[in-house]
Amino acid sequence: MQILSKGELQVSDKERHTQLEQMFRDIATIVADKCVNPETKRPYTVILIERAMKDIHYSVKPNKSTKQQALEVIRQLKETMQIERAHMRLRFLLPPKEGKKLKEKLKPLIKVIESEDFQEQLEIVCLVDPGCFREIDELIRSETKGKGSLEVLSLKDVEEGDEKLE
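In this report, the structure presented in the accompanying data block is examined.

**Some words on the overall build of the chain**
Then, in step 1: The helix and strand inventory of the chain stands at six helices and six strands.
Then, in step 2: Going from the N terminus to the C terminus, the chain shows its helices and strands as α-α-β-α-α-β-β-α-β-β-α-β.
Then, in step 3: Relative to its length of 166 residues, the chain is extended, with a C-alpha radius of gyration of 21 Å against a globular reference of 15 Å.
Then, in step 4: Taken across its 166 residues, the chain has 35% of its residues classed as buried.
Then, in step 5: Put simply, 68% of the contacts in the chain that link residues at least 6 apart link residues at least 24 apart.
Then, in step 6: Of the roughly 11400 Å² that the chain leaves accessible, carbon and sulfur atoms contribute 50%.

Below is the structure:
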């Protein structure tokens, strides 16, 4: 019983290698899913990301989660290639009293404002960096005391379809 509670599982070399290879592929898949080329707004392929990870000599850390490592890889790849996280498309509905004041506080967190409409409420559709989502959500909740709302229209803003050559 003592071996079961305190012992360690021995993993063969091949099993460890397979596990690390799988994590490497998972990380590349997460990066490809979350990122785009900033010029074309098109997603990168998993194979291209894997090759770029090999070029920067990225080594997988088996005790860290793949998502944490993917975010780390994105930071490292930014130094060698054109890559950025795909922006999220959000819609805010803000009460008229707090709307103008809150818009000024939100401005530094917003990348692009796509539309703005002011009737009985201030409605803003915009693109933001996914890393700012929690901060924006907390800001809207605290400033409007639950009256304002935040809606995620799309998790990533990417160009779909074929490239148009002229």
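Further notes follow.
**A short note on helix α6 (residues 133-144)**
Then, in step 1: Across its twelve residues, α6 extends 17 Å between first and last C-alpha, which sits within 8% of the 16 Å expected from 1.5 Å per residue.
Then, in step 2: Along α6, the residues that are buried comprise I136, D137, L139, I140, E143 and T144. End-on view of α6: buried residues confined to an arc of 165°, all on one side of the axis. Counted as exposed and oriented over 90 degrees from the buried face of α6: R134 and R141.
Then, in step 3: Looking at the buried positions of α6, the neighbouring elements they touch are β3 (88-94), α5 (96-106), β5 (122-128) and β6 (149-154).
Then, in step 4: Two residues or fewer past α6, K145 is found with a positive phi of approximately 50°.

**Description of unusual backbone geometry**
The general pattern is negative phi for most residues beyond glycine and trans for most peptide bonds.
Then, in step 1: A positive phi angle, near 60°, is found at K41, a position not held by glycine.
Then, in step 2: For K41, the position within the fold is in the loop between β1 (35-36) and α3 (46-55).
Then, in step 3: A positive phi angle, close to 55°, is found at H57, a residue other than glycine.
Then, in step 4: Considering the arrangement of structural elements, one finds H57 in the loop between α3 and α4 (66-78).
Then, in step 5: Judged by relative accessible area, H57 falls into the exposed class, the value being 68%.

**Observations concerning α3**
Then, in step 1: All buried positions along α3 are accounted for by I49, E50, A52 and M53. Take α3 and look down its axis: the buried residues cluster within an arc of 165°, on one side only. Along α3, the residues that are exposed and aim more than 90 degrees away from the buried face are I47, K54 and D55.
Then, in step 2: Buried residues along α3 sit in contact with α2 (13-34) and α4.
Then, in step 3: At the C-terminal side of α3, H57 shows a positive phi close to 55°.

**Focus: the side chain of E72**
Then, in step 1: When you line up the elements, E72 lands in helix α4.
Then, in step 2: With residues up to four places along the chain from it excluded, the contact list for E72 reads Y58, K61 and K64.

**Brief notes about the environment of I136**
Then, in step 1: Relative to the assigned elements, I136 resides in helix α6.
Then, in step 2: Judged by its relative accessible area of 0%, I136 falls in the buried class.
Then, in step 3: For the pair I136 and R42, spaced 94 residues apart in sequence, the C-alpha separation works out to 26 Å.
Then, in step 4: The contacts of I136, once residues within four sequence positions are left out, are L90, F92, L106, L109, V128 and L150.

Basis of the calculations
Residues numbered from 1 in each chain as written. Predicted model: local features only at pLDDT ≥ 70, side-chain atom pairs only at ≥ 80, totals over all residues. Heavy atoms only, no water. Helix = DSSP H or I, 4+ residues; strand = E, 2+ residues; numbered from the N terminus. Rg over C-alpha atoms; globule rule 2.2 N^0.38 Å. Buried < 20%, exposed > 50% of the residue type's maximum accessible area, 1.4 Å probe, protein only. Contact = heavy atoms within 4.5 Å. Areas by Shrake-Rupley, 256 points an atom, 1.4 Å probe, with all protein chains shown as cover. Expected span 1.5 Å × (residues − 1). Arc of directions from axis to C-beta.

Shape descriptors only; they carry no functional weight alone.
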